[in-house]
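Each chain, written out:
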Amino acid sequence: MGDLLVMGLLLIGALFTLVASLGLLRMPDLYMRMSASAKANTLGISLMLGAAEIYFPGASTKGIILATIAFIFLTNPVGAQMIARAAYLSGVPMWRGTLVDEASEYYRGIGRATPDRPPEGR
């Protein structure tokens, strides 16, 4: 039973990681690529580490794996959001099919950078 659970978690984690890779290849702009890779990759890696936690015995191994999962859940989405924010303030263009730019209201005082206007500091 435990081996089937480990195989299932590894398979599902690998599928989520594959989806993250396909998102990097298929999405039209940086912002969508960041979203696809951060969400799917975080879940995929966590599921695979969860399989490793079940498979390997020992309290120290389980503690290290749980700490790694917590670290990934805390850092991966935050890092992706910071990179997307820096790209937005630097003037990286959105996909022309984007309908709503919700960040423009939040960053109204800062303004987006254009080739002839660098971003203003906050």
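The structure we're discussing is the one just above.
Each value, and the rule that gives it
- Residues numbered from 1 in each chain as written.
- Predicted model: local features only at pLDDT ≥ 70, side-chain atom pairs only at ≥ 80, totals over all residues.
- Heavy atoms only, no water.
- Helix = DSSP H or I, 4+ residues; strand = E, 2+ residues; numbered from the N terminus.
- Buried < 20%, exposed > 50% of the residue type's maximum accessible area, 1.4 Å probe, protein only.
- Contact = heavy atoms within 4.5 Å.
- Areas by Shrake-Rupley, 256 points an atom, 1.4 Å probe, with all protein chains shown as cover.
- Expected span 1.5 Å × (residues − 1).
- Core = buried A, V, L, I, M, F, W, Y, C linked by side-chain atoms within 4.5 Å.
- Axes fitted to C-alpha atoms, helices over the stretch in contact; angles between N-to-C directions.
- Parallel < 35°, antiparallel > 145°, perpendicular 65-115°, else oblique.
- Left-handed = near helix turned anticlockwise from the far one by under 90°.
- Nonpolar A, V, L, I, M, F, W, Y, C, P; charged D, E, K, R; others polar.
- 1 Å grid on protein atoms, 1.4 Å probe; cavity = no way out; pocket = protein on both sides within 12 Å on 5 of 7 lines; lining within 4 Å.
- Points joined across faces, edges and corners; volume = space filled by probe spheres on them.
- Phe/Tyr/Trp six-rings, centres within 6.5 Å; stacked < 30°, edge-to-face > 60°.

Asks: How should the overall build of the protein chain be read in this particular structure?
Replies: Within the protein chain one finds four helices and zero strands. Along the protein chain, helices and strands appear, N-terminal first, in the series α-α-α-α. Classification of the 122 residues of the protein chain by burial places 25% in the buried group. The long-range share in the protein chain, meaning contacts at least 24 apart out of those at least 6 apart in sequence, stands at 55%. For the protein chain, the exposed area adds up to about 8300 Å²; of that, 70% sits on carbon and sulfur atoms.

Asks: Quick question: what am I supposed to make of the environment of serine 46 here?
Replies: Within the fold, serine 46 resides in helix α2 (residues 30–55). Serine 46 sits in the buried class, given a relative accessible area of 9%. Serine 46 sits 26 residues away from isoleucine 72 along the chain, and the two C-alpha atoms are 7.7 Å apart. Setting aside its immediate chain neighbours within four residues, serine 46 contacts Ile69, Ile72 and Phe73.

Asks: What am I meant to see in helix α1 (residues 2–26) here?
Replies: Each α-helix winds once per 3.6 residues, and so residues spaced three or four apart point in a common direction. Over its 25 residues, α1 extends 36 Å from the first C-alpha to the last, a length consistent with the 36 Å expected when each residue adds 1.5 Å. Within α1 the residues assigned to the buried category are Val6, Leu9, Gly13, Ala20 and Gly23.

Asks: Can you help me understand the nonpolar core in this one?
Replies: A general feature of soluble globular proteins is that nonpolar side chains tend to end up buried together. Residues Tyr31, Ala84, Ala87, Tyr88, Leu89 and Tyr107 constitute the largest nonpolar core, which totals six residues. The biggest single contributor to this core is helix α3 (residues 59–90), with four residues.

Asks: In this structure, what is going on with the packing of α1 against α2? I would like to understand it.
Replies: Axes are the key here: two packed helices are described by the angle between their axes and the distance separating the axes. Where α1 contacts α2, the axes come no closer than 8 Å and their chain directions differ by 165°. Between α1 and α2, the interaxial angle falls into the category roughly antiparallel. When you trace α1 past α2, the crossing you get is left-handed. For the contact of α1 with α2, the class distribution of residues is 19 nonpolar, eight polar and two charged.

Asks: Would you take a moment to explain the layout of surface pockets for this structure?
Replies: Once rolled over the atoms, a probe with the size of a water molecule shows which space is left empty. A volume near 170 Å³ is recorded for the largest pocket. Surrounding the largest pocket, Tyr31, Gln81, Ala84, Arg85, Tyr88, Met94, Val100, Asp101, Glu102, Ala103 and Tyr107 form its lining. At four residues, the largest contribution of residues to the lining of the largest pocket is made by α3.

Asks: Where do I start with the packing of aromatic side chains in this structure?
Replies: Think of a pair of aromatic rings as described by two things: how far the centres are apart, and how the planes are tilted against each other in angle. Inspection of the entire model under this criterion finds two aromatic pairs. Ring centres of tyrosine 31 and tyrosine 88 lie 6.5 Å apart, and the angle between their planes is 70°; on these two criteria the pair is classed as edge-to-face. Of the two residues, tyrosine 31 is situated in helix α2 and tyrosine 88 in helix α3; the sequence distance between them amounts to 57 residues. Centroid distance tyrosine 55 to phenylalanine 56: 5.1 Å. Interplanar angle 85°. Geometry classified as edge-to-face. For phenylalanine 56, a relative accessible area of 41% gives the class partly exposed.

The analysis is restricted to geometry; functional conclusions fall outside its scope.
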